[in-house]
Amino acid sequence: MLHKVRGIVLKTTNYSESSVVVQVLTDKFGMQSYLINGVKKPRAKIKMNMLQSLHLLDMVVYHKANVDIQRVAEVRQTPVFKSIPYDIVKSSIVIFLNEVLYKSIRQQSADDSLFDYIFNSVAWFDESEVLNPNFHLSFLLKLSRFLGFSPNAKRRADQIYFDLQEGEFVSRVPIHANYLQLEDALSFIALFITPLENISEIKMTNRQRRFLLDKILVFYTLHTASFGEVQSHKILETLLG
């Protein structure tokens, strides 16, 4: 049976000399693997450049329950990216976010809210004319809400530390090292609660961004099973200074 679905590309793996298996987060079926034949051939109908990190797709697919690898009938990029493939910093940010997403939602079943958040955020990022260096930080903190471990933004005056393990402000220094002091904690929460279109209003130095990125990855490690180590942020930090 054929189904129309929207998809977000998360991983492409070689299957044969001319074919690949693409792992796609779909709006109807959650994470799915699709075999796409002939993509490496010169006259391929579906081309490899359509299957890059976080590309947004309209697909017509065959779907069978309890089958590991599904098949596709049609694939189109919708919307076609205007800036991400041509901007080295934007494309590096997308590769980094793709790695975190893949580690976080590999077993994800269908979730309309999660799908729409990722799809709309990536489309917004591609459309944005000015690169905002806070985007990837804000994206990940907002994403945590859909993954079930978002930070608690409520704070009393005496609570001057943010415990990453508990996900909330506390009044005493935690007995572990996974916490933020007040200045960084307030920036952390601002990135979480501020709409994407307003994140340029959050003023931080590059040092603060690097520090908070490391702490956000710690936050994910603490709250995501088998998250592992993220590698691509090291290249990103070099590009962003």
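Residues numbered from 1 in each chain as written. Predicted model: local features only at pLDDT ≥ 70, side-chain atom pairs only at ≥ 80, totals over all residues. Heavy atoms only, no water.

### A few points about the environment of I189
In step 1: Among the secondary structure elements, I189 is positioned in helix α4 (residues 182-193).
In step 2: Measuring from C-alpha to C-alpha, the distance between I189 and S138 comes to 9.3 Å, with 51 residues separating the pair along the chain. (Helix = DSSP H or I, 4+ residues; strand = E, 2+ residues; numbered from the N terminus.)

### Considering the domain arrangement of the chain
In step 1: If you check the domain split of the chain, you get domain 1 (2-77) and domain 2 (88-240).
In step 2: Between domain 1 and domain 2, the C-alpha centre-to-centre distance is 28 Å.
In step 3: Tallying the contact residues gives 17 residues for domain 1 and 18 residues for domain 2.
In step 4: Of the roughly 1,600 Å² buried between domain 1 and domain 2, counting both surfaces, carbon and sulfur atoms make up 70%.
In step 5: On inspection of domain 1 and its partner domain 2, the count reaches one salt bridge.
In step 6: A salt bridge links R6 to D116; the shortest N-O distance between them is 2.8 Å.
In step 7: Elements supplying a minimum of two residues to the side of domain 1 that touches domain 2: β1 (2-14), β2 (20-26) and β3 (30-36).
In step 8: Tallying contributions element by element places β1 first for the side of domain 1 that touches domain 2, with six residues.
In step 9: Split by residue class, the side of domain 1 that touches domain 2 holds eight nonpolar, five polar and four charged. (Domains from an automatic or database assignment. Contact = heavy atoms within 4.5 Å. Buried area = accessible area lost by both parts, 1.4 Å probe. Salt bridge = Lys/Arg side-chain N within 4 Å of Asp/Glu carboxyl O. Nonpolar A, V, L, I, M, F, W, Y, C, P; charged D, E, K, R; others polar.)

### Here we look at the sheet that holds strand β6 (residues 161-163)
In step 1: One open sheet holds the three strands; their spatial order is β7-β6-β8, and the pairing between them is antiparallel. Since the sheet does not close on itself, it has two edges, and those belong to β7 (168-170) and β8 (179-181), each with one partner. Neighbour-to-neighbour, the strand axes of this sheet turn through a mean angle of 30 degrees, independent of strand direction.
In step 2: Across the sheet, α4 lies against β6, β7 and β8, angled at about 110 degrees from β8, the strand it touches most. (Pairing = 2+ DSSP bridges. Axes fitted to C-alpha atoms, helices over the stretch in contact; angles between N-to-C directions.)

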